[in-house]
Amino acid sequence: MRDFDQMGLVVDWVDACRKGDLATLLDLYADDAELECTCNGTNLYRGRHELETYWGPKLSAFSSAGFGLEEIHPAQNGIDLEYSVAGALRIRASFRFSPEGKIHSTQCEPALQGSHDCGAC
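J.: Which residues make up the packing of aromatic side chains, and what values do they have?
T.: Under the counting rule described, the total for this entry stands at eight aromatic pairs. Arranged with centres 4.9 Å apart and planes meeting at 70°, the rings of Trp-13 and Phe-95 form a pair that is edge-to-face. Of the two residues, Trp-13 sits in helix H1 (residues 6-19) while Phe-95 sits in strand S5 (residues 89-97), which places them 82 residues apart along the sequence. Overall, the relative accessible area of 1% leaves Trp-13 in the buried class. Note on Tyr-54 and Trp-55: the rings are 4.9 Å apart at their centroids and 85° apart in plane angle, and the pair reads as edge-to-face. The class of Tyr-54 is buried, set by a relative accessible area of 4%. Following the ring pairs from residue to residue traces out a cluster consisting of Trp-13, Tyr-45, Tyr-54, Trp-55, Phe-67, Tyr-83 and Phe-95. A cation over an aromatic ring shows up here: Lys-58 above the ring of Tyr-54, its NZ or CZ 4.8 Å from the ring centre.

The following block contains the structure:
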């Protein structure tokens, strides 16, 4: 396993979201990455195509509404992040990584509001 900067990788993820840069965002994920979103029920997305389907419409909303980094810190097996959309809607995301230095899995859930309010994560 090579050493890499997990925190830096998540900061790159935040930057791609702020810019609405889908290609850069997808390049941060491993080919077999998965994303589990529990904001509106539990939805699982696997592989680049499904991640593109998930993130494509969301990035436009993030870049126009505003995307804010609220908290970021190391976790037991990766990095935990809390971000906001439009200054109010807060999302909690946990990132885990492949040995090659790519995002292998992401889990997101609403933070500080009910799950019915979380359409942007």
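After presenting the structure, the write-up continues.
J.: Tell me about the nonpolar core, residues and numbers included.
T.: By size, the foremost hydrophobic cluster in this structure holds 32 residues, and its most contacted members are Trp-13, Tyr-29, Trp-55, Tyr-83 and Phe-95. Contributing elements (two or more residues each) for this core: H1, helix H2 (22-27), strand S1 (29-37), helix H3 (47-65), strand S4 (78-85), S5 and strand S6 (103-111). For this core, the element with the most residues is H1, which contributes six residues. Among residues more than four places away in sequence, those in contact with Trp-55 are Trp-13, Leu-22, Leu-25, Tyr-29, Leu-35, Phe-62 and Tyr-83.

The rules behind the values
Residues numbered from 1 in each chain as written. Predicted model: local features only at pLDDT ≥ 70, side-chain atom pairs only at ≥ 80, totals over all residues. Heavy atoms only, no water. Phe/Tyr/Trp six-rings, centres within 6.5 Å; stacked < 30°, edge-to-face > 60°. Helix = DSSP H or I, 4+ residues; strand = E, 2+ residues; numbered from the N terminus. Buried < 20%, exposed > 50% of the residue type's maximum accessible area, 1.4 Å probe, protein only. Lys NZ or Arg CZ within 6 Å of the ring centre and 35° of its normal. Core = buried A, V, L, I, M, F, W, Y, C linked by side-chain atoms within 4.5 Å. Contact = heavy atoms within 4.5 Å.

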